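Below, each chain spelled out in residue letters.
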Amino acid sequence: MATLAAGLLLGWWTIQTPTPVDANAPADQFSAGRAMADVRVLAREPHPTGTPANLAAIAEMERRLTELGFTTRRVVTPLAEKPAQRLAKWGGNPAAPAISLVAVRAGKDAAAPAVALLAHHDSVWASPGAADDIAGVAAALEVARAIPQATQARDLVLLFTDAEELGLVGARAIFAPGAAADPIAARIGVTINLEARGGGGRAMMFQTGPKNGDLVRRLAAVTPGASASSLAVTLYESLPNDTDFTPVKLRGQAGLNFAFIGDAWGYHSPLMTPDRLDQGALQHLGDSALAITRDLVAAPELPARSENAVFASAPLLGIIVYSPATGWVLLAGIAGLLVLAAVWRRGEWTLGGMLMALGQAVLALIIAGVLMFGLNLLSGSVGAEYYDRLAALPRLEVVAALAALAVLMFLAAAPAGSLWDRWLTWAALCFAGALVAQIVLPGAGPVLAWPALLAAIAAVLGARPGASGMAQLAPAALLAIPGLALGAELFHFAFLGIGGPMPYATVPLLIPVLALLAPILPDGPGSLRNRRPALLAGGIAVLLAACLALWVNLDERAPSVPPYAGTEKSQG
């Protein structure tokens with residue numbers, strides 16, 4: 001339990017936002033305090049496309065851009081039928097065009113490919129949009145302020161698009177296919193999009209352009225505090241979601257897409273005012289964007305296009321990046337370590353015992369999925385109103401976590417096989433999952449391969465001749481902590497992304513947890529008296545999860561829900 005608690009605590013620490021930097025910070029730093037001045041002006045009221053508030057925000061952005069040394073022009077785009085219909089449904093003027101801003105600050109070499117920061121300035125009806133996406137606009141302005149023009153080897157471009165909420169209208173006009181695009185599109189070498197789906201949390205780099213290897217390596221080198229995951233990149237490609245980065249990617253251009261998605265209640269909410277914006281989220285978004293933008297805009301050459309990389313943020317280590325081919329080397333190393341451990345302890349495991357351990361692990365995963373599915377039904381989340389369930393995500397995340405904890409407690413009450421039956425089998429199961437991921441989705445490799453490596457190292461250290469007692473188990477207990485922290489961080493971000501309607505989609509993340517905790521579970525079933533504490537803890541976890549799920553179901557509609565809720569989205 002101490003190892004599990006330590007891993008969860010480290011995982012909790014890794015998802016915390018940094019302390020906001022106040023407005024008196026040195027000029028070369030990103031300051032959420034300074035950026036908030038723009039947020040308070042631009043998000044003082046809802047500002048959908050075509051409204052007086054939207055036009056006033058455009059004028060204010062033009063003033064700020066001029067102040068920062070940019071030459072600015074407008075890109076006016078008439079609304080097509082569907083965006084116009086949506087705007088009319090909100091009570092807006094369907095004849096109003098989208099007005100995007102293209103701002104350029106010259107660098108030393110006007111012929112060099114430019115670096116662009118992209119954010120949308122419009123909001124949905126009834127929401128001030130302090131997070132989505134005035135936080136992105138304000139972050140871009142603060143990033144530009146922190147980079148002296150004299151240090152620019154190339155042009156810095158700020159693109160503030162309109163009518164994103166109506167269907168990416170401004171971005172689709174600027175980054176249209178081929179010759180239909182705005183002239184600025186062909187001049188941009190790297191685009192960095194700043195987005196939000198919620199009002200807080202750490203900003204995740206969750207999408208890239210094609211051939212991202214060298215660009216991601218540059219991000220890892222200059223922005224070690226950023227959060228990034230090739231798993232998120234892989235999963236996002238399969239989701240029916242779009243941001244202003246979509247037309248950039250469709251043009252085949254290089255870039256990075258950042259967003260914070262915590263405090264999901266704030267997504268499109270009338271309550272998402274500047275005062276409710278998590279300034280730590282703004283700080284993390286800005287820190288991440290400033291470091292990579294400063295590096296790229298001053299570089300003599302932009303990163304070359306290279307094979308897509310595998311990467312993830314590791315607790316205490318920053319972003320680790322490697323090629324898909326290196327993933328095979330990693331798997332070979334894991335296999336070798338597990339074989340060595342099995343040879344050293346060949347008298348302490350049996351085929352029958354390993355099959356029992358495998359069956360128990362598979363059964364545990366099935367039970368976890370069924371339990372999460374049942375609790376989700378109890379919470380009323382299947383088919384529920386989309387925005388109301390976004391507000392309930394923190395409670396639903398705890399429900400899913402308690403379900404997973406209950407399964408672990410039941411395993412602890414009656415673990416199958418011997419210590420080495422479980423240790424080798426569950427580590428091998430994690431290795432098998434990593435192997436499948438390497439073949440099918442290399443970007444998902446770190447989710448299973450990294451914990452499998454930790455489990456394999458722990459197994460070899462524990463299996464070394466003469467090791468017994470604490471000398472055998474202590475390495476496993478210590479190495480499990482960063483692996484569990486990584487799993488907790490991935491679970492949190494995955495749940496924020498897809499957990500509301502499908503919490504059971506997070507069940508595969510239990511595989512590395514089993515591999516890491518296998519040697520720490522009690523050896524053998526023991527007496528009922530010895531099993532009782534674990535059984536009781538598991539039962540309490542299920543009861544608490546059921547109570548939370550029922551609370552979500554019976555709770556009144558969240559005050560953060562936008563007034564048009566129920567007309568556009570529902571939980572799947």
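About the criteria used
Residues numbered from 1 in each chain as written. Predicted model: local features only at pLDDT ≥ 70, side-chain atom pairs only at ≥ 80, totals over all residues. Heavy atoms only, no water. Helix = DSSP H or I, 4+ residues; strand = E, 2+ residues; numbered from the N terminus. Buried < 20%, exposed > 50% of the residue type's maximum accessible area, 1.4 Å probe, protein only. Salt bridge = Lys/Arg side-chain N within 4 Å of Asp/Glu carboxyl O. Expected span 1.5 Å × (residues − 1). Polar contact = N/O pair within 3.5 Å; in protein donor to acceptor, adjacent residues only side chain to side chain. Phe/Tyr/Trp six-rings, centres within 6.5 Å; stacked < 30°, edge-to-face > 60°. Pairing = 2+ DSSP bridges. Right-handed = clockwise from strand over helix to strand, strands pointing away. Patch = residues over 30% accessible without salt bridge, like charges linked within 9 Å, V, L, I, M, F, W, Y side chains within 5 Å. Areas by Shrake-Rupley, 256 points an atom, 1.4 Å probe, with all protein chains shown as cover.

Colleague: Provide a residue-level description of the environment of Ala335, including the pertinent values.
Modeller: Here Ala335 is to be found in helix H12 (residues 324–344). Residue Ala335 is classed as partly exposed on the basis of its relative accessible area of 26%. C-alpha separation for the pair Ala335 and Ala432, spaced 97 residues apart in sequence, amounts to 9.7 Å.

Colleague: Tell me what's going on with the pattern of salt bridges, and back it up with residues and numbers.
Modeller: Across all of its chains, the model carries 16 salt bridges by this definition. For Arg63, the salt bridge identified is with Glu60, shortest N-O distance 2.8 Å. Within this pair, Arg63 and its partner Glu60 are both found in helix H3 (residues 52–67), separated by 3 residues, close to a single helical turn. Under the relative-accessibility criterion, Glu60 is labelled buried at 17%. Exposure remark for Arg63: the relative accessible area of 43% places this residue in the partly exposed category. A network of salt bridges, in which partner residues are shared, links Asp38, Glu60, Arg63, Arg64 and Glu67.

Colleague: Let's hear about unusual backbone geometry: which residues, and what values?
Modeller: Glycine aside, the phi torsion of most residues is negative, and most peptide linkages are trans. Between Asp132 and Asp133 the backbone carries a cis peptide bond, its omega angle lying at 5°. By secondary structure assignment, the location of Asp133 is in the loop between strand E3 (114–120) and helix H5 (134–146). Phi at Leu168 is positive, roughly 60°, even though this residue is not glycine. With respect to the helices and strands, Leu168 occurs in the loop between strand E4 (156–161) and helix H6 (169–174). A relative accessible area of 4% places Leu168 in the buried class.

Colleague: So, helix H11 (residues 279–298): which residues are in play, and what are the values?
Modeller: Over its 20 residues, H11 extends 28 Å from the first C-alpha to the last, a length consistent with the 28 Å expected when each residue adds 1.5 Å. Across the 20 residues of H11, 15 count as buried, placing the element largely inside the fold. One side-chain oxygen of the residue at the start of H11 lies 2.9 Å from the amide nitrogen of Gly280, identifying that residue as Asp278.

Colleague: Got a sec to walk through the packing of aromatic side chains? Specific residues and values, please.
Modeller: Scanning the model with the defined rule gives 11 aromatic pairs in all. Relative to Tyr387, the ring of Tyr386 lies with its centre 5.0 Å away and its plane at 80°, an arrangement referred to as edge-to-face. For the residue pair Tyr386 and Tyr387, the accessibility class agrees, reading buried in each case. Here the aromatic rings of Trp420 and Trp423 are separated by 4.4 Å at their centres, their planes lie at 15°, and the arrangement is stacked. Highlighted residues: Trp420 and Trp423, both in helix H16 (residues 419–440), separated by 3 residues, approximately one helical turn. The class for Trp423 is buried, based on a relative accessible area of 0%. One aromatic cluster is present, built from ring pairs that chain together Trp90, Trp125, Tyr267, Tyr386, Tyr387 and Tyr564.

Colleague: Explain the pairing of strand E6 (residues 200–208) to me, using residue names and the numbers behind them.
Modeller: For E6, the tally of buried residues reaches 9 of 9 residues, placing the bulk of the element in the interior. Inspection of the sheet shows E6 paired to strand E8 (residues 254–262) by 6 bridges, in the antiparallel sense. In the strand pairing of E8, Met205 is matched with Phe258. Where E6 meets strand E7 (residues 227–228), 2 bridges bridge the pair, whose relative direction is parallel. Along E7, the bridge assignment pairs Met205 with Ala228. In the classification by handedness, the crossover that spans E6, the intervening helix H8 (residues 213–222) and the parallel E7 is right-handed.

Colleague: If you had to explain a nonpolar patch on the surface to someone new, which residues and values would you point to?
Modeller: On the surface, Leu351, Leu355, Leu358, Val362, Ile366 and Val370 cluster together into a nonpolar patch covering about 550 Å² of accessible area. Its location among the elements puts Ile366 in helix H13 (residues 351–378).

Colleague: Help me get a handle on the pairing of strand E2 (residues 98–105), residues and values and all.
Modeller: Of all 8 residues making up E2, 8 are buried, and the element is well covered by its neighbours. Judged by which residues are buried, E2 turns out to be covered on both faces: Ala98, Ser100, Val102 and Val104 on one side and Ile99, Leu101, Ala103 and Arg105 on the other are all buried. By the bridge criterion, 7 bridges tie strand E1 (residues 71–77) to E2 in an arrangement that is antiparallel. Of the residues in E2, the one forming a bridge with Val75 is Ser100.

The quantities given are spatial measurements derived from coordinates; they are silent on function.
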